[in-house]
Amino acid sequence: MKGKLIIVSAPSGAGKTSVVKYLLEYQTHLSFSISATSRSKRENEKDKKDYYFLSVEEFKQKIAQNEFLEWEEVYPNQFYGTLKSEVYRIWNEGQHVIFDVDVKGGLNIKQQFGDQALAVFVKPPTIRELEKRLLYRGTETPETLKKRLDKASYELSFADQFDVIVVNEDLKIAQKEMVRVVDDFLRVY
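Right, let's walk through the structure included here. (Residues numbered from 1 in each chain as written. Predicted model: local features only at pLDDT ≥ 70, side-chain atom pairs only at ≥ 80, totals over all residues. Heavy atoms only, no water.)

### A few points about the packing of aromatic side chains
Going through the model one piece at a time under the given rule, you end up with 9 aromatic pairs. Where Tyr88 meets Trp91, the ring centres are 5.8 Å apart and the plane angle is 80°; that geometry is what we call edge-to-face. Placement of the pair is Tyr88 and Trp91 together in helix H3 (residues 84-92), with a separation of 3 residues, close to one helical turn. By the ring-pair criterion, three or more aromatic residues cluster together here, those being Phe59, Phe68, Trp71 and Phe79. Across from the ring centre of Tyr75, 4.5 Å away, lies the NZ or CZ of Lys147, which sits over that ring. (Phe/Tyr/Trp six-rings, centres within 6.5 Å; stacked < 30°, edge-to-face > 60°. Helix = DSSP H or I, 4+ residues; strand = E, 2+ residues; numbered from the N terminus. Lys NZ or Arg CZ within 6 Å of the ring centre and 35° of its normal.)

Set out below in structure tokens:
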């Protein structure tokens, strides 16, 4: 089966992971593409469930072997990417792929798959609200918070390149909007 792809991108803290988890509960024909990263594993994360956690050297080796559909060095020596093998694994299981990826990665995937992919940008209502959400997580230092907010401002400039923008002011409303958008896309193709 050559399935479809749902790409969900957003600045860190905008709610894309919450939206994706909701979609996975609601839509039974979607399967989550596990990204690879070279960043350290957080306390509650599991390898091969939340991410494929790779060393910087392992990540660079996979880049050299052309094993990624897309990848990016988000911060120095902190890589994120989508393994080609993940997409084919999911399609071979008869499912459509859903991605929780950064903005550049999402646009790269969309460019490669065109109409076979739906690219959705989850937008925070304001930068101030995004800052509050990141602070609420309790995982940010003042330095990492500044880096994330600077990156978010940059990423917001790409929102109009996505097929759909969903503003996440109220998570429940954003989740329902995502279900409608994804259902419409899967029904059309």
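### A few points about unusual backbone geometry
Although it is not a glycine, Asn66 sits at a positive phi angle of roughly 55°. Topologically, Asn66 is positioned in the loop between helix H2 (56-64) and strand E5 (68-75). Given a relative accessible area of 52%, Asn66 falls into the exposed group. In this structure, Asn77 takes a positive phi of about 60° despite not being glycine. (Buried < 20%, exposed > 50% of the residue type's maximum accessible area, 1.4 Å probe, protein only.)

### Quick word on the nonpolar core
Ile6, Val8, Leu23, Leu30, Ile98 and Met178 are the most contacted members of the largest nonpolar core, which has 25 residues in total. Looking at this core, the elements with two or more residues in it are strand E1 (5-9), helix H1 (16-26), strand E8 (117-123), helix H5 (127-137), helix H6 (142-156) and helix H7 (171-188). Considering every element that reaches this core, the biggest residue donor is H7, with 7 residues. In terms of nonpolar packing, the next biggest core, distinct from the first, is built from 19 residues, Leu69, Val87, Ile90 and Ile109 among them. (Core = buried A, V, L, I, M, F, W, Y, C linked by side-chain atoms within 4.5 Å.)

Note that all results are geometric; they support no functional claim without further evidence.
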